[in-house]
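Geometric and topological summary
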Amino acid sequence: DQQVKQNSPSLSVQEGRISILNCDYTNSMFDYFLWYKKYPAEGPTFLISISSIKDKNEDGRFTVFLNKSAKHLSLHIVPSQPGDSAVYFCAASDGYKLSFGAGTTVTVRA
Amino acid sequence: GAVVSQHPSWVICKSGTSVKIECRSLDFQATTMFWYRQFPKQSLMLMATSNEGSKATYEQGVEKDKFLINHASLTLSTLTVTSAHPEDSSFYICSAIRDSRIYEQYFGPGTRLTVT
């Protein structure tokens with residue numbers, strides 16, 4: 001049973017524009033949420049996270065928004081750069097383990 | 001800091017043989033290590049959680065006799081795929097944490113296993 005869902009398998013965005021990635025979850029026990037970036041044949045690298053007590057966290061070009069009532073979070077990347085082209089995974093923690101979404105492949109067009 | 005390595009990065013083995021994958025935390029002591037499996041275009045699926053000096057905890061549906069995990073020290077965990085079959089072909093990724101903060105996992109680069 002997939003508790004973390006990323007319904008958009010891919011996203012194409014022009015360089016300089018905003019990328020918005022979405023993630024939904026079902027488990028109300030999740031208390032911490034993370035976004036990872038992954039290149040092919042490599043392990044995920046941490047991007048940004050947010051605690052369930054917050055609704056926004058910002059780090060440079062990356063902002064994560066959390067809507068607990070809707071069990072939804074999103075990642076905004078502004079402005080998008082060619083180096084942002086990768087697979088982005090949403091993950092959620094219940095204190096015992098991380099559950100991952102299926103990923104969204106972002107392609108930034110020049 | 002917080003670098004995790006995996007060896008080998010890729011391996012090809014014949015059906016019926018066993019293959020061992022190592023996961024090392026290079027610059028910190030890992031209280032807990034995790035093993036994930038990723039199929040193409042799919043999520044990372046947690047296989048098991050291993051703590052140094054104790055038996056691994058396997059997720060539901062993961063065969064513990066097939067995927068042997070040994071966490072011999074605070075810097076090394078190994079995953080052995082026994083009697084490998086083509087359906088075991090996958091990308092295996094380990095991660096490690098320094099303390100009990102599950103959400104601060106440091107991931108290795110992964111191992112591509114192909115069983116012929």
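The preceding data block contains the structure.
In this report, the structure presented in the accompanying data block is examined. (Residues numbered from 1 in each chain as written. Chains lettered and ligands numbered in written order. Predicted model: local features only at pLDDT ≥ 70, side-chain atom pairs only at ≥ 80, totals over all residues. Heavy atoms only, no water.)

Per the counting criterion, the structure on display carries two disulfides over all chains. In this model C23 of chain A forms its disulfide with C90 of chain A; the gap between the sulfur atoms is 2.0 Å. Negative torsions about the S-S bond denote left-handed disulfides, and the value of about -70° found for C23 of chain A with C90 of chain A makes this one left-handed. Taken together, the residues C23 of chain A in strand β3 (residues 19–25) and C90 of chain A in strand β9 (residues 86–93) connect sequence positions 67 residues apart. Accessibility classification places C23 of chain A together with C90 of chain A in one group, the buried group. Here C13 of chain B stays free of any disulfide, with the sulfur of C94 of chain B as its closest cysteine sulfur at 18 Å. Overall, C13 of chain B belongs to the buried group, its relative accessible area being 10%. (Disulfide = S-S within 2.5 Å. Helix = DSSP H or I, 4+ residues; strand = E, 2+ residues; numbered from the N terminus. Buried < 20%, exposed > 50% of the residue type's maximum accessible area, 1.4 Å probe, protein only.)

The partner chain A presents 18 residues to the 18 residues of chain B that form the contact. Buried area between chain B and chain A, both sides added, is near 1400 Å², and the carbon and sulfur share of it is 64%. Of all residues in chain B, the largest losses of buried area upon contact with chain A belong to I102, Y103 and F107 of chain B, amounting jointly to 37% of the total for that side. Counting across the chain B and chain A interface gives one salt bridge. Here K97 of chain A makes a salt bridge to E59 of chain B, at a shortest N to O gap of 2.6 Å. At the boundary of chain B and chain A, one finds five residue pairs in polar contact (both at pLDDT 80 or more). Mapped onto the side of chain B that touches chain A, the elements with two or more residues apiece are β4 (32–38), β5 (44–51) and β9 (90–97) of chain B. Examining the composition of the side of chain B that touches chain A, we find that three residues originate from one element, β4 of chain B, more than from any other. (Contact = heavy atoms within 4.5 Å. Buried area = accessible area lost by both parts, 1.4 Å probe. Salt bridge = Lys/Arg side-chain N within 4 Å of Asp/Glu carboxyl O. Polar contact = N/O pair within 3.5 Å; in protein donor to acceptor, adjacent residues only side chain to side chain.)

Any functional reading would require information that these geometric values do not contain.
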